[in-house]
Amino acid sequence: MKKNLLITIALLALNLSRAQEIDIQREGAFAQKPIPVALSGFAGEGAEVLKFDLYVQGFSFVMPDAAQYLISGSDAGGVSGTVTDKVARKVVLSRSYNGASLRRQAHMFADEIVQAITNKKGIGQTKIAFKAQPGGIGAGEIYVADFDGRGAQAVTGDGAIVAKPAWVPGRLALYYTSYARGNPDIFYHSLSTGQRRPIAGYSGLNTGAAVSPDGSKIAMVLSKSGSANIWVGNADGSNLKRLTTGIEDSSPCWSPDGQWICFGMKTKDGERRRLAKVSASGGDIHLLNTAGVANPTEPDWSPDGKWIAFTRQAGDFDICVVSADGSLAPAILVRGENPSWSPNSRTLVFNHATGHRQVLSVLDVFTKQYKDCPRATGSNSQPAWAK
Amino acid sequence: MNRLQKKCLVATAGLHLLLVLVIVFGSAFFTSHTKPDETQVLNVIPANLVDAAFNSGVKNAAPPAPVAKPPEPTPQPPPPKPDVTPPTPHPKPEPVKLPEPEPVKPQKLSPDDLKPLEPAKTETKKIEISLKPVIHNVPKVTTDISAADAARTAAKAAKKRADAFANAARSIEKNASSATTVEMPGTGSVSYANYASVVKSIYEQAWTPPDDTASDDANTKVSVTIGRDGAVITARILNPSGDSRVDNSVRRTLDRVTFVAPFPEGAKEKERTFIINFNLKAKKLLG
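All residue numbers refer to position in the chain's written sequence, counted from 1. Chain letters and ligand numbers both follow the written order, the letters beginning at A and the numbers at 1. In keeping with the predicted nature of the model, local features appear solely for residues at pLDDT of at least 70, side-chain atom pairs appear and are counted solely at 80 or more, and the whole-chain, interface and lining totals rest on all residues. Working from all heavy atoms in the structure, the side-chain values ignore hydrogens and water.

## Thoughts on the overall build of chain B
Part 1 of the argument: Assigned secondary structure in chain B consists of 10 helices and three strands.
Part 2 of the argument: A run of H or I in DSSP counts as a helix once it spans at least four residues, and a run of E counts as a strand once it spans at least two, with each numbered from the N terminus. Traced from its N-terminal end to its C-terminal end, chain B shows the element sequence α-α-α-α-α-α-α-α-α-β-β-α-β.
Part 3 of the argument: Each residue is assigned to one of three classes by its accessible area relative to the maximum for its type, calculated with a 1.4 Å probe on protein chains only: buried under 20%, partly exposed between the two thresholds, exposed over 50%. Looking at chain B as a whole, 31% of its 287 residues qualify as buried.
Part 4 of the argument: By sequence separation, contacts in chain B at least 24 residues apart represent 76% of the contacts at least 6 residues apart.
Part 5 of the argument: Working note: accessible area of chain B is about 17,900 Å², and carbon and sulfur atoms make up 63% of it. Whether two residues touch is decided by their heavy atoms; if any such pair falls within 4.5 Å, the residues are in contact. Note that accessible areas follow from Shrake-Rupley with a 1.4 Å probe, and for residues the cover is restricted to the protein chains shown.

## A short note on the environment of Gly136 of chain A
Residues and elements named next belong to chain A.
Part 1 of the argument: Positionally, Gly136 belongs in the loop between β7 (127-133) and β8 (141-146).
Part 2 of the argument: As a C-alpha pair, Gly136 and Gly378 span 242 residues in sequence and 5.1 Å in three-dimensional space.
Part 3 of the argument: Those residues in contact with Gly136 that lie beyond four places of it in its chain are Arg357 and Ser379.

## A few points about the environment of Gln68 of chain A
Residues and elements named next belong to chain A.
Part 1 of the argument: Considering the arrangement of structural elements, one finds Gln68 in the loop between β3 (59-61) and β4 (69-74).
Part 2 of the argument: The class for Gln68 is buried, based on a relative accessible area of 5%.
Part 3 of the argument: Each C-alpha atom, one on Gln68 and one on Ala88, is 9.2 Å from the other, the two residues being 20 residues apart in sequence.

## Section: the pattern of salt bridges
All names here are of chain A.
Part 1 of the argument: Every case where a carboxyl oxygen of Asp or Glu lies within 4 Å of a side-chain nitrogen of Lys or Arg is listed as a salt bridge. The full count for this structure, using the stated rule, is 19 salt bridges over all chains.
Part 2 of the argument: For Arg95, the salt bridge goes to Glu112, with nearest N and O atoms at 2.8 Å. You can see Arg95 sitting in strand β6 (residues 90-96) and its partner Glu112 sitting in helix α3 (residues 102-118), a full 17 residues away along the chain.
Part 3 of the argument: Given a relative accessible area of 37%, Arg95 falls into the partly exposed group.
Part 4 of the argument: For Asp148, the salt bridge identified is with Arg103, shortest N-O distance 3.4 Å. With Asp148 in the loop between β8 and β9 (153-154) and Arg103 in helix α3, this pair connects stretches of sequence that are 45 residues apart.

## Quick notes on the sheet that holds strand β29 (residues 369-372) of chain A
Residue and element names in this part refer to chain A.
Part 1 of the argument: What makes two strands pair is DSSP finding at least two bridges between them. Pairing is antiparallel across the open sheet formed by four strands, whose spatial order is β26-β27-β28-β29. Strands with a single pairing partner mark the edges of an open sheet, and in this sheet they are β26 (337-341) and β29. Here the strands of the sheet are splayed against their neighbours by 30° on average, with no regard to which way each runs.
Part 2 of the argument: Here four bridges tie strand β28 (residues 357-364) to β29, and the two strands are oriented antiparallel to one another. When the bridges of β29 are listed, Val362 appears paired with Lys371.
Part 3 of the argument: Along the sheet face, helix α2 (residues 44-55) touches β28 and β29 and points at about 135° away from the line of β29. The angle between two axes is taken between their N-to-C directions and runs from 0 to 180 degrees, where each axis is a line fitted to C-alpha atoms and a helix contributes only its stretch in contact.

## Details of the nonpolar core
Part 1 of the argument: Throughout, nonpolar core names a set of buried Ala, Val, Leu, Ile, Met, Phe, Trp, Tyr and Cys residues whose side chains join them through atoms within 4.5 Å. Counting residues in each nonpolar core, the largest one holds 28 residues, and the members touching the most others are Val199, Tyr203, Val260 and Ile276 of chain B.
Part 2 of the argument: Of all the secondary structure elements, the ones that give two or more residues to this core are β1 (20-27) of chain A together with α9 (192-206), β1 (217-227), α10 (244-256) and β3 (271-281) of chain B.
Part 3 of the argument: In terms of residue count, α9 of chain B provides more of this core than any other element does, seven residues in total.
Part 4 of the argument: Core analysis: the second largest hydrophobic core is formed by 20 residues, Val37, Ala47, Tyr69 and Ile113 of chain A among them.

Right under this line is the structure:
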């Protein structure tokens, strides 16, 4: 009897342990696999918009057999479509749009697809500002366009050298640098009223304006005290305070909580560049750990606060990303410069050289997929994503 | 019962209890040692090897499970047939080859693969022969006639040569493709390991890890029980990783996967349980 009992217990134990073990491993952060989807039924502009929007948000297009999601529909007369989760075997999204342009409808559908599949807000209806130089170099104008570079419109018409447009968060207004008055000055420009006014016109350099997340303050680079340093002031340029005293500081950007300003600086010997941050109310300068990446510059803090994108200047220019708290070593993503985060902290817009011209490009940071935007005119650079 | 007997009873009872405990709970300490080895091998296989055997399961059609058996043998004979028909114009092989494919049908023997290859060789030889006379003719003509004509004939010859090459390439392509198609029906039986690789690939593809992790190395351990028909009976997290974003992404994956694939032929169990470790490593390397 006892023996029998023991044997049954032993068998039970064996049964329990027979579950087969499977390991599924992924490398995190910057080595993500795109989500495979199959697109069918869309033609022309609708298909083009959906492909661009989804590709730069971490999707890839495959045959239906290999897809995780099937996106089918049509863009004849208006965009309509459904998204089917092939694995769960259910429809996760079904929409049809009317009104506005076909392009706009397709962007909206792309946004809803992104929301349904990744639970993130899409970027299809966001805007960027950038600098365009018709002659490739020298004088240019500030432009505003859809995030994919379409529908570009000139904001300025001075025929002067311009630089570094920056959006006021949540508003149709820009700060930028222009030589319109013969000196690099910072201007505020409302896109809704068309009015503009100078914000900083001190002797020497006035550039690199960055607006605080609440819109009440601006950080900028001024050289009125001799060297180019980071200054912070009210949105109208009043109440200035000098934050740094280095030999050459550049490209300030705000942390999303408005507490910190991250910027590029030169080391004391003037030979190397570093990234550093300083409290927006002033204080000690903290160097950022970008170990292994030489000459980092042009930082941009992601709206979710987790990442800082920057440019590596080492022979070529490369787009890099480091975790803002320094817990992960920086990753070098693609060739390019002047990165600017999308509102959803997943995508970057940047510019890179093709031939003698610069072209804007949109990069999905976590899969490293990117696509170039159509050029507005000449050379396009220094993009800023409206947030 | 005297004292000694009592002592002995207590001692034996105690030992038996210990033995039972070891048997029941001991397995928990052993599982992790042997199993990872099996799964690592399976990483790449699923798409091709398993496809033929699990068509119904992988390509998300529920009913084909029982239907899959009859169609399998019927498509298999046709691939050898087209390979055989091209040689039929030649008088010699005809009587030999036509009877052969019929008896071979049920057995899927390897000799089948070899025979279509033989006629292929004879075909390529013929093309080589047609090449040679063209080359010999060209120099003869050029010595007699003007340079312009020579150029023209040379161009013709070049074109002929190019055509001959194209033909040869085409015939080689034909033969090569026929050889590969014959290989496919080779996997008749399905091993236990293949099924695990299907499970693995389905869960791997369905999993979208979060953009960011709080930890460098997050491991979420889940248990998935699959029924005979391929439907997922239960799926639950055994050990969360502690990183809520990773755990949530795994939970979403478990919710999504409701069907894997029917068990392979000959499987006797009503259900199978798999322990799956979803592991996300933060990449620390540059570039």
